[in-house]
Structure formats: structure tokens, C-alpha cells
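These are the residues of each chain, in order.
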Amino acid sequence: MSSEPRARGFVATAIETANIVLTAGDARIGATPRDLIWTHRKTTLYGYRSADRRHRLPVLLVFALINRPEIFDLRPGHSFVEYLLGEGFDVYLLDWGAPGPEDAETGLDYYICDALPWGMREVLRSSGAPSVSLLGWCIGGTLCALHAALEGAQSPARNLVLLTTPIDPEDSLYRKWIGRDDFDVDYVTENWPVIPGAGIDIANKLMKPVQNLWGTYRKLAQDVSDGRSDRVAFQTMQKWISDNPPFPARAFREWVNWIYKERRLVHDRVQLRGRLADLRQIDRSLLIVTAGGDHIVPRTNTTPLLDYVRSEDVTHLALPGGHIGLMAGSKARERIWGELSQWLSSRSGA
Amino acid sequence: VIGNEVSLRKILDAMEGEAAAAMEQLVAGEGFARLFVQLTENVVAVSRIGGDVWDLLLRNLRMAGRRDIDRLAGQLIRTEDKLERLLQAVERLEDSSARA
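Residue numbering note: each chain is counted from 1, following its sequence as written. Whichever chain is written first becomes A and whichever ligand is written first becomes 1, with later ones labelled in order. Restriction of local features to residues with pLDDT of at least 70 applies here, the model being predicted, together with a cutoff of 80 or more for giving and counting side-chain atom pairs; totals for whole chains, interfaces and linings are based on all residues. Side-chain metrics in this entry use all non-hydrogen atoms of the structure; hydrogen atoms and water are not considered.

## Focus on the overall build of chain B
In step 1: Labels follow the DSSP assignment, with helices taken as runs of H or I lasting at least four residues and strands as runs of E lasting at least two, numbered in each case from the N terminus. Looking only at helices and strands, chain B features three helices and zero strands.
In step 2: Starting at the N terminus and ending at the C terminus, chain B contains elements arranged as α-α-α.
In step 3: Taken over C-alpha atoms, the radius of gyration comes to 29 Å for chain B, far larger than the 13 Å a tight globule of 100 residues would show.
In step 4: Structurally, chain B occupies a C-alpha span of about 80 × 55 × 35 Å along its principal axes. Only C-alpha atoms enter the radius of gyration; for comparison, a globular chain is expected to reach 2.2 Å times N to the power 0.38, where N is the number of residues.

## Observations regarding the overall build of chain A
In step 1: The number of helices and strands found in chain A is 13 helices and twelve strands.
In step 2: Radius of gyration (C-alpha) of chain A: 21 Å, near the 20 Å computed for a compact globule of 350 residues.
In step 3: In terms of its C-alpha atoms, chain A occupies a principal-axis envelope of roughly 75 × 55 × 35 Å.
In step 4: In chain A, which comprises 350 residues, the share counted as buried stands at 60%.
In step 5: Residue contacts are defined here by distance: any two heavy atoms, one from each residue, within 4.5 Å place the two residues in contact. Sequence-distant contacts in chain A: of pairs separated by 6 or more residues, those separated by 24 or more amount to 81%.
In step 6: Note on areas: Shrake-Rupley with a 1.4 Å probe; residue coverage comes only from the protein chains shown. As displayed, chain A has an accessible area near 13600 Å², and 50% of this comes from carbon and sulfur atoms.
In step 7: In this charge count, Lys and Arg are treated as positive and Asp and Glu as negative; neither His nor the chain ends contribute. For the purpose of locating charges, the reference atoms are NZ of Lys, CZ of Arg, CG of Asp and CD of Glu. Positive and negative side-chain charges in chain A, numbering 41 and 42 respectively, have mean positions lying 3 Å apart. The buried label applies to any residue whose accessible area, calculated with a 1.4 Å probe on protein chains only, is under 20% of its type's maximum; exposed applies above 50%, and partly exposed to all values in between.

## Some thoughts on the packing of helix α3 (residues 108-127) of chain A against helix α3 (residues 66-99) of chain B
In step 1: To obtain each axis, a line is fitted to C-alpha atoms, and for helices this fit is confined to the stretch in contact; angles are then taken between N-to-C directions over 0 to 180 degrees. Axis separation between α3(A) and α3(B) bottoms out at 13 Å; the angle between their running directions is 35 degrees. The interaxial crossing formed by α3(A) with α3(B) has left-handed handedness. Side by side, α3(A) and α3(B) meet where A:Asp114, A:Trp118, A:Arg121, A:Glu122 and A:Arg125 of the first sit next to B:Glu84, B:Arg85, B:Gln88, B:Glu91, B:Arg92 and B:Asp95 of the second. In this scheme the crossing of two helices becomes right-handed for a clockwise turn of the near helix relative to the far one and left-handed for an anticlockwise turn of less than a right angle.

## Some details on a nonpolar patch on the surface
In step 1: Together, B:Leu8, B:Ile11, B:Leu12 and B:Met15 give the surface a local cluster of nonpolar side chains, amounting to about 390 Å² of exposed area.
In step 2: Assignment of secondary structure puts B:Leu12 in helix α1 (residues 2-27). Exposure above 30% relative accessible area and no salt bridge define the residues that can form patches, which grow by joining like charges within 9 Å and nonpolar side chains of Val, Leu, Ile, Met, Phe, Trp and Tyr within 5 Å. Salt bridge, as used here, is a side-chain nitrogen of Lys or Arg placed within 4 Å of a carboxyl oxygen of Asp or Glu.

## Points about the interface of chain B and chain A
In step 1: Listed per partner, the contact involves 37 residues of chain B and 40 residues of chain A.
In step 2: When two components associate, each loses some accessible surface as probed by a 1.4 Å sphere; the sum of these losses over both components is called the buried area. Both sides of the chain B and chain A interface together cover about 3500 Å² of buried area, and 54% of this is carbon and sulfur.
In step 3: A per-residue breakdown of the area chain B buries against chain A is headed by B:Arg9, B:Glu16 and B:Phe36, which together make up 16% of the total.
In step 4: Linking chain B with chain A are ten salt bridges.
In step 5: B:Arg85 is the salt-bridge partner of A:Asp114, the closest N and O atoms lying 3.7 Å from each other.
In step 6: Two N or O atoms count as a polar contact when they lie within 3.5 Å, although within protein this holds only if one can serve as hydrogen donor and the other as acceptor, and sequence-adjacent residues are included solely when both atoms are side-chain atoms. Seen at the junction of chain B and chain A, the total is 17 residue pairs in polar contact (both at pLDDT 80 or more).
In step 7: Put simply, the parts of the chain that give the side of chain B that touches chain A at least two residues each are α1, α2 (30-60) and α3 of chain B.

## Examining the nonpolar core
All names here are of chain A.
In step 1: Grouped together as the largest cluster of nonpolar side chains are 113 residues, with contacts concentrated most on Leu60, Leu61, Phe72, Trp177, Phe247, Ile336 and Leu340.
In step 2: Take this core: its biggest share by element is ten residues, from α3.
In step 3: With near-sequence residues (within four places) excluded, phenylalanine 247 lies in contact with Leu65, Ile66, Ile139, Val194, Ile195, Ile200, Phe252 and Trp255. Here, nonpolar core refers to any group of buried Ala, Val, Leu, Ile, Met, Phe, Trp, Tyr and Cys residues whose side-chain atoms link them within 4.5 Å.

## Things to note about the sheet that holds strand β11 (residues 285-291) of chain A
Residue and element names in this part refer to chain A.
In step 1: Taken together, the eight strands give an open sheet; going across it, the order is β1-β2-β4-β3-β5-β6-β11-β12, and neighbouring strands pair in mixed fashion. Either end of the sheet is taken by a strand with one partner, and the two such strands are β1 (35-40) and β12 (314-319). The mean inter-strand angle of the sheet, taken between neighbouring strand axes irrespective of direction, is 15 degrees.
In step 2: Strands are treated as partners if at least two bridges between them are detected by DSSP. Pairing of β11 with β12, which is carried by six bridges, proceeds in the parallel orientation. In the strand pairing of β12, leucine 286 is matched with valine 314.
In step 3: Relative to strand β6 (residues 157-163), helix α13 (residues 332-345) is tilted by about 165 degrees, and along the sheet it contacts β3 (59-62), β5 (132-137), β6, β11 and β12.

## A short note on the packing of aromatic side chains
Any two aromatic rings considered together are summarised by their centre-to-centre distance and by the angle between their planes.
All names here are of chain A.
In step 1: Planes of paired rings set the category: under 30 degrees apart is stacked, over 60 is edge-to-face and the rest tilted, where pairs are Phe, Tyr or Trp rings (Trp by its six-membered ring) whose centres lie within 6.5 Å. According to the stated counting rule, one finds 15 aromatic pairs over all chains in the structure shown.
In step 2: Ring geometry for tyrosine 83 and tryptophan 337: centres 5.7 Å apart, planes at 45 degrees, overall tilted. Highlighted residues: tyrosine 83 in helix α2 (residues 80-86) and tryptophan 337 in helix α13, separated in sequence by 254 residues. When sorted by exposure, tyrosine 83 lands in the same class as tryptophan 337, which is buried.
In step 3: Each residue in the set Phe63, Phe72, Phe80, Tyr83, Trp137, Trp240 and Trp337 is aromatic and connected to the rest through ring pairs, giving one cluster.

## Some points on α13(A)
In step 1: One less than the residue count of a helix, multiplied by 1.5 Å, gives the span that helix is expected to have. With 14 residues, α13(A) should reach 20 Å at 1.5 Å per residue; the first-to-last C-alpha distance of 18 Å fits that figure.
In step 2: Residues of α13(A) that are buried: A:Ala332, A:Ile336, A:Trp337, A:Leu340, A:Ser341, A:Trp343 and A:Leu344.

## Focus: the confidence of the model for chain B
In step 1: What pLDDT reports is the predictor's confidence in each residue, on a scale of 0 through 100. Chain-level pLDDT for chain B is 91 on average; 98% of the residues reach the 70-or-more range.
In step 2: Among the scores for the predicted complex, ipTM is 0.83 and pTM is 0.92.

## Quick word on helix α10 (residues 249-261) of chain A
Residues and elements named next belong to chain A.
In step 1: Burial of α10 is extensive: ten of the 13 residues sit out of reach of the surface.
In step 2: Considered for burial, the residues of α10 that qualify are Ala249, Ala251, Phe252, Glu254, Trp255, Val256, Asn257, Trp258, Ile259 and Tyr260.
In step 3: Two residues or fewer past α10, arginine 263 is found with a positive phi of approximately 45 degrees.

Below you can see the structure in the form of C-alpha cells.
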């Protein structure tokens, strides 16, 4: 065989791969139609109405502070929000927005004591429901758990779903990096009013450097060469991954000190505005989901919660998959969305 | 040719797998963690020096610097907090008067 067609094939693959990567920023994510319900500071509450509402309790989605919540609504045909709407749930999404230097003094107490309960209050007012199902993912899960630990029976959340949530990251790689004594979080936060999202993104990628910085693109090129690349799937995920909002300095300092350095959650030492957040106060119906291949929040970082809560209705779903792939990967629909919907629907009646 | 390509891909996959395992071992080590900490502090220090220089320059030109804008934005945040609490109190009153 002449080398000319092969060389042309290589050039065409390189150009198409580069095109997919370079135009990823134009991909559309978060496309499901929604209403703006409430805003406060940088926080926005969005509402998605189901055309076929069958459940009384709406679902409030709460994501982490270090990525955008559009991962819940990645693209049409592959959107958890769209799926829940189809299952008859009204869905609300709390978007933390992009904090600026003026938010340097925003601490975790703002998210747990103000934004989250106020957001829930608006959900109840908007939906007319008596309570809500709270679904938190990653740091969003920790915020929801701390809210439930603080409010106990007073919380308007009837059901609590925590996905890959850091509770006690004793053996995590993050703890090795930022939980060590010589990582001076005070120095970082005194000089940076907000921690740049790009910095956190680099740290995340360094946890699996070959896969993240090389493997993703090599696999894309291979798929392009084989004629089986999915442009939309790659671009939407790439766009979401590259969009990292800044982390307010005070919240970052508290997050690092409380969770990674001092492991306060499991030592009963998280005080918010003078009140103790006691995990033993969590008495809601609780679903904990962990992912076997999660290198950011390994399963052992979440399961200690099971030793503390006093909920009588507790389910632990131990699934395969990674931190993000679990909910947003190509197998998410079959692997987890159905399970979540089933669990929620049996607890969302009158 | 196709056979060669398949073999090449297998070799590349194996190499990538080994490199990935080696790199993951590297980043999980004590030496990398120390390097990570020092590198972070260096980046913070350099960006602070750069920020201070720019701020000084703008202030000497009698223009608002980052700190002035942040102070103003901070005041707006406090005002918004007060308004939100006021709004919630009014809504609670409205609800209770509607029930009565």
C-alpha cells in the first residue's frame, strides 16, 4: 500500500482532532429550559418544571464549589435533569455562580446556614410542596450533610442523597497534598481573595496526569481515526471540565482545615455560627452513593458517615465508575439514574 | 499494514498504562507532595507581587484599583444580605396574615 493515503489519513485525523478540541468551548451545555427562581449574592436557584409531574416532592440538586452544576444537565439526551423531569419530578438546581475577590470573606457558613436553607425555602414557596429531596454531589454533598447535621429534624429536606461525598478523607491523595502541616493554607488565602479555578483544575488533573493530560486526547484521536468519535459528547464534557469557578478564600481555608487537616466532621468539631454540626443529628431517609474507581473521593472517604447517622432508612449504593463518570459517563443512565429515581419516587409521596 | 497498526496500538496502550501507573505512584509520593506545596507558595507569591505592583500603579494614576472595587463590592454584598433578610421577614408576615 502506498504511504500517501495513510499520510493523508494521519493529517485528516490530526486536523479533525484539533478541531474538536479547539471548538469545545462553543459546545452548548445546560440546555434544558428553566426558570430563574431566586438569586442572592452569586447564588442562583433555577427551576425545571416536569410536564408530567407525578411526585409531590421536588428534587433540589446541589453541586460542588469547584465546578459548574451544568454537569447535571450536560447535553440533550444525556442529562440527569431531563431524566428526572421525564420521571415526573420537578427539579431545582442551586448554582453557586462564580465568586469574585469581593467574596473573599464568604465562608462555608454562608453556603450551609444561608444559601442552602434559603434556597430550600424558595423551592417550597415555588413548588407548594411540604418538603424537598436534597441531592448533593461531591462538596455539594458535604454541604447538604452539614446542613442536615446542623438542623436535624428542623430541616425541610425529607430525603437526603449524597453522591461521592467527602466526609473523612483520611487516606485521600488530596489529604497528602493539602492536609500536610507544611501546606500553609493561611498564606494562600491571605494573598488570594479567591483561589483560581484553574489552579484547582490543575491539581485535580495531576492526580491522574497521564490519563488527564494525554490519554483523553490520544483516545479522541484514535476514535477520530476509527471513525467512531462522538464530537458532541467529547465537547460538552470538555467544556464542563474546563469551566472552574474560583473558590472564596475563607471557604477554601475552612474546607482545607476542617476536612483535610483536622478531619473535624468525624471529630464533632464543626461549629457554624456557634452551633455544632453533629452528624448524629441526621435522621432523614438517606441514600449514599460511592464509586469504586473514584480517585478524588475514594469510597472509604464517604462510608464513615454510616457510623454516625441515626436515620432508620439508610441505603448505600456501592457502584463501579469514577467521581464524575458515575453520574455523567456513558453508562450513567443504566447504572445509577434509574436507581436514584426509584429510591426518590418511593419516598416522594404525600 | 492493519496488523502492524493494531500491534502498534497495543504497544502504545501498554506504554501508556505503565506511564500512568508510574506517574500516579510519583504524585502519591512524599517528594511530590513537598514539591506541590512549594510550587503553590511560589505561584501565590509571584501573583501577589504582580497584583500589588498593578494596584500601586493604578492608584498613583488616581484610578480605582482592585482593592477599591472589592471594598465597594463588599458593601453591596452586605446591603444585599440585609435586603434578603428584610424580604424574608416581610414574606413571613404576609404568610401569617394570609393564614389569619
